[in-house]
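Residue-level structural notes
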Amino acid sequence: MAKPKWNLNTIYISERLQESLRPISRCALTTVVAPMGYGKTTAVNWYLEQRAKAEALNVIRISVYSDNLAVFWKSVQDAFARADFDFLRDYTCPTDATGGGLLADDLCHELAGETDCYIFIDDFHLLTDNRVSSFLCTLANRLPGNVHLIVASRDRFLPAAETVRLGAKVYQISTEHLRLNYTELAIYAHRCGTELSDAQIEALLYSSEGWFSAVYLNLRTLSERGALPDHNSDIYATFTAAMIDPLPENQQEFLAVMGLADEFTVEMVRFVTGDAKAERLLSVLTEQNAFVKCLPDGVTYRFHHMMKECAGRRFQMLEKEKQALYLEHFGLWYENHKQYLHAIAAYRRSRNYDALLRVIQKDAGILLSSLDPQTVLSDIEACPAFVLKEHPLSILVLMRSMFNWRLIPKMLEMKDLLMAAIEEHPRMPAKERGDLLGECDLIMSFLCYNDISAMSRLHRSASVQMSRPAISIQKRGGWTFGSPSVLMMFYRAPGELQSELAEMDECMPHYYKVTDNHGQGAEKIMRAEAAFLQGRFTDAHIELESVYAQIEGNGQENMALCCDFLAWRLSLCTDVEQRYSFEERHADLLRKHNAAWVNIWSATSAYYYALFGKWERIPPVFADHQLSTIHLLAPGKPMMEMIENQVYLAQGAYAKVIGRSAGQLAVCEAMHYALVTLHIRIQMAAAYEMLGKRPKAREVLERALRDAEPDEFRIPFVENYPYLKDLLRSSAEHNAFARHIVHLGEAYEARQKQIQDQAVRPAALASLTEREYEIVGLLAGRLSNREIAERLFLSEGSIKQYINQIYSKLHIAGDSRTKRKQLAELFLQKT
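Conventions and cut-offs
- Residues numbered from 1 in each chain as written.
- Predicted model: local features only at pLDDT ≥ 70, side-chain atom pairs only at ≥ 80, totals over all residues.
- Heavy atoms only, no water.
- Phe/Tyr/Trp six-rings, centres within 6.5 Å; stacked < 30°, edge-to-face > 60°.
- Helix = DSSP H or I, 4+ residues; strand = E, 2+ residues; numbered from the N terminus.
- Buried < 20%, exposed > 50% of the residue type's maximum accessible area, 1.4 Å probe, protein only.
- Core = buried A, V, L, I, M, F, W, Y, C linked by side-chain atoms within 4.5 Å.
- Contact = heavy atoms within 4.5 Å.
- Salt bridge = Lys/Arg side-chain N within 4 Å of Asp/Glu carboxyl O.
- Polar contact = N/O pair within 3.5 Å; in protein donor to acceptor, adjacent residues only side chain to side chain.
- Pairing = 2+ DSSP bridges.
- Axes fitted to C-alpha atoms, helices over the stretch in contact; angles between N-to-C directions.

Remarks on the packing of aromatic side chains
Applying the stated rule across the entire model yields 29 aromatic pairs. Aromatic side chains Tyr188 and Phe212 sit 4.8 Å apart centroid to centroid with 65 degrees between the ring planes, which places their arrangement in the edge-to-face category. A residue pair is termed long-range when its members are at least 10 positions apart, and Tyr188 in helix α8 (residues 182-192) and Phe212 in helix α10 (residues 212-225) qualify at 24 residues. Neither Tyr188 nor Phe212 differs from the other in exposure class; each is buried. Between Phe264 and Tyr301 the ring centres are 6.0 Å apart and the planes differ by 10 degrees, which places this aromatic pair in the stacked class.

Given below as C-alpha cells:
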C-alpha cells in the first residue's frame, strides 16, 4: 500500500466558517475574537483573497506587535502606504479626541468611493491603550459604506455599551465559529494526507477541543513519528518537538534569531545573520512550515506568535556571546533605518549602553517620549556613569525628557552628570563646551517658565555660548503649550506690564538664535495683545500685522494661531478685515493634521462666538464641555478653562462659572497667571450679577478693577460689558478707569449691533435654520457638495439632504442647475 502523501500546509476553511465570514462585507466593523492558534488570521486572509478574486478591492493589513502607541502608529502609516494610500505619512500620532476626529474625517474622505476597502488589524490584544478601541468604535459609526474594518484579537475589546450602540454595524466572530467539529476535523485530516480512525478522531477532538493549532501539531507529529503525541503534552513542548527540533542546526538557529523580529525582509535577515543564502533558506521554511509566512506584499515575512514564543526560548539557549552579537546586529539595523524604539530595545537587551545613548541622541527625545518613563529611568540606572559621561548630547536629551515627564529631581541629576562630564574633559574644544553649557542653560530655563527675567538670563547665556541650534528643541513643535495667548502666559502681576514687555523684547532674540526661530514673533504678539487690552486698537492692529508679516511662511503655525485669537477679538471692537473665515482656517488646519493646532482654533472660535452671543456656533468640544477628552498641556490648561467659563456664561450656566472659579484661581495663583486670574474674576462678577447677587458681584468686580488699573487693562471688562454694564456705570461715577471702560463698552455694544446688522439675512431666507443658511452661503460661493461637506465636517449625503430641505422650504423647483441659480439670487438680495 502506498504511503500517504502529507500536505500539512493546506489551508482549510470549513463550509460552516465560510458562511460565518460572509456578513463581513455588510458590516462596518467585524471583530474576530479567539485565543491564539484558532486560525483568526488565516480565516480573514482567506476571506479577503476570495473577495479579491471576485472584485477589485483595496486591502490594508496592519499588524500589532506591542502596546507602544508610537510603534503601532508607524505600522499604520506603513500599511496604508503599502496599499498606495500615502495621506497618513506626515500625520502625527493622534492622542486625544480632537486628533482622533481629524483622523476619522480623513479616513472617511480618502477611502470613500466605489471600490470596497478592507482594513484588517491583527493581534489587537497586544495594544492595551483603551483610546484605540474607543476610536475604532467612533470610526465604525462614521465609515462610508464601501469601507469595512476587521479586528482580530485574543481578548474582547468592545465594551458592551458600544456593541449595543453600533447595532447592526458590528459583526462578531468568536471561538465557536473557528473551532473544528468532528466532521471538519476528519475532512482537515484527510486533506493533510492521513486517514484517521473514528477513535483517533474522537481522541484528537477531545484532547484539542477543536483548537486548530493543536490539531495541526498533532498531525505534524503523526507524520514524523507515526503516532499522535500524548494528550498530556505541553503545547509549547509539542510545538518545539514538531516544528523546531527536527530541523538542521542552522535552520534552528535561524528561527531562534529571527523570532526576535516582529517582521523582517531578506535584506534584514542577511544583515542580522550574515547568511548570504537567506532567501533560499526562507523559501524552504515557508514551504515546509505553516508558522512562517510571507505577507501579501511578497517582501515581508513574519512568524506566528507560537513560533515566536518557542523561537524566543530557543534563542535563550544560545551562547551568551552569540546572543549579544545577534542583538547588536538587530540594534544596528533598526538604528540605520531610524526605528529608534526597536534599536533601543535591542541595545538594552545586549547591554550596549554606548549604542543605546547614541540612538537617544539621534531620536532627540521624539520617540523616547512615548516610552514609560520608568523604563528610561531603569536604563539610566543600569548604565555605568562613565558611559553616560561619554555622551553629553544624550544627557541633554534626557534632561529635556525628564522635564517633560515632570521628573525634576532626575533632571537636576542629569545636569550634575553633564557638568561632571565637561569638567572631566579639560581638553574638550571650546566650541563643543560652549554648545553643551549653552543648551544646558536653555533647558534649565524651562524651570523658570513665565518668569521672563530669570528665563532671559539663561537665554542670553545660551546665546553667547552656543554656535548651533539646540538639538533638544524641535522648531516644528508648539511654543505656547496650547495657549491661544502669549500675554496670558507671561503677565505675572499687576503693574509689571512694561518691564515684562521690555524683558520679552530683550529675551526672545537670544532664544530664537539657539532654537532656529522657534516661537518667532512671540514678543510682538505679547505687545499687540497688551495694546489691545488697553483699548489702543490701532496700535494693536499695527503690531498684529507686523507679526503676521514676520512669521509668514516660516512654519510657526502656533504663533499664527495666537495672532488669529487676537485678530478675532479685535474685530469685535473695531473694523479689522480677517484673513480667512473660521471655516476656511479650520479646513486649512485639518490638512496639516495637527490636533494641538485644531484645539487652539477651537478655543479662539469658542471665545469669539461666546462673546458674540452665537453659542450655537461654538465648537462641540467647548459647547458640550468635553475638554477632558482632549490632551491639554498643564501650562495651557488654565487658559482653555477660562475660555470654557466664557462659554458657560454665554449658555447662562452662571452657577457653574462660580462653582469652578475657586479651583481655577488657586491654579492661576500658583502659576502666576495674573491675566487669566483677571478674566476669571470678571466672569465671576458677571455670573453673580446675572444671578441677582449684586453685593457679591460688586465686591468681585471692584477687586478686578483694582488689579487691572495699574496696567490699564480695560478690554476684559468691555468683553463682558453686556453682563456688567449697570455695575460698571455705578463704579464710573467715582472711578475714571471705570468711566473709560463704560465708554469703550458702549462702543463695543454698538459694534456688535453693527456686525449683526451686516449679517442679517435676506427676508426670503428667514425660514432657514443657521446651518441651512450657512449652506446656502457656500452654495452661492459655487462650492460643490463635496467641498461643502469637507468645510462643515459632514458627509456628502447629509449635505444633499440639507439642500433638498432648503429647496422644499423655499419652494424652489427645476433642474439642479436652475435651482442653484435661484438660490444664489435669493442669497444676494438686499434686506
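Describing the nonpolar core
In this structure, Phe80 and Phe717 are the most contacted members of the largest nonpolar core, which totals 279 residues. Discounting chain neighbours no more than four positions away, the residues touching Phe80 are Ile60, Ile62, Phe85, Phe87, Leu88, Leu107, Leu111 and Ile119. In this structure, Ile775, Leu779, Ile806 and Leu810 belong to the second largest nonpolar core, which totals 19 residues.

Digging into the pattern of salt bridges
Applying the stated criterion across every chain yields a total of 48 salt bridges. Between Glu335 and Lys362 there is a salt bridge; the shortest N-O distance is 2.7 Å. With Glu335 in helix α16 (residues 320-336) and Lys362 in helix α18 (residues 353-363), this residue pair connects regions lying 27 residues apart in the sequence. Glu335 sits in the buried class, given a relative accessible area of 3%. A relative accessible area of 43% means that Lys362 is categorised as partly exposed. Glu749 is the partner of Lys725 in a salt bridge, and the nearest nitrogen-oxygen pair spans 2.9 Å.

Some points on the side chain of Asn645
Examined against the element boundaries, Asn645 turns out to sit in helix α33 (residues 637-650). For Asn645, a relative accessible area of 0% gives the class buried. Reaching out from Asn645, the side chain makes a polar contact with the side chain of Arg660 at a distance of 2.8 Å. Reaching out from Asn645, the side chain makes a polar contact with the side chain of Gln683 at a distance of 3.2 Å. Discounting residues that sit within four places of it in the chain, Asn645 has contacts with Val657, Arg660, Ser661, Gln664, Ile680 and Gln683.

Considering the pairing of strand β1 (residues 29-33)
On a regular strand, each side chain points to the face opposite its neighbour's, so the side chains alternate between the two faces of the sheet. Of all five residues making up β1, five are buried, and the element is well covered by its neighbours. Side chains Leu29, Thr31 and Val33 of β1 all project onto a buried face; the interleaved residues Thr30 and Val32 project onto the opposite face, where all are buried too. In this sheet, strand β4 (residues 147-153) lies alongside β1 in parallel orientation, the contact comprising five bridges. Looking across to β4, one finds that Thr30 is bridged to Ile150. With four bridges connecting them, β1 and strand β5 (residues 170-173) associate as parallel partners. The partner of Val32 across the bridge, within β5, is Ile173.

Overview of the sheet that holds β1
Pairing within the open sheet is parallel, and its five strands lie in the order β2-β3-β4-β1-β5. This sheet does not close on itself; its edge strands, each paired only once, are β2 (57-63) and β5. The sheet shows a mean angle of 15 degrees between the axes of neighbouring strands, direction not considered. Here five bridges tie strand β3 (residues 116-122) to β4, and the two strands are oriented parallel to one another. When the bridges of β4 are listed, Cys117 appears paired with Val147. Against the sheet, helix α2 (residues 40-54) touches β1, β2, β3 and β4, its axis set at about 165 degrees to β3.

Description of unusual backbone geometry
Backbone geometry places Arg406, a non-glycine residue, at a positive phi of 60 degrees. If you trace the backbone, Arg406 turns up in the loop between α21 (392-404) and α22 (408-423). Relative accessible area serves as the criterion here: at 54%, Arg406 is assigned to the exposed category. For His625, which is not glycine, the phi torsion reads 55 degrees and is therefore positive. Positionally, His625 belongs in the loop between α32 (620-623) and α33.

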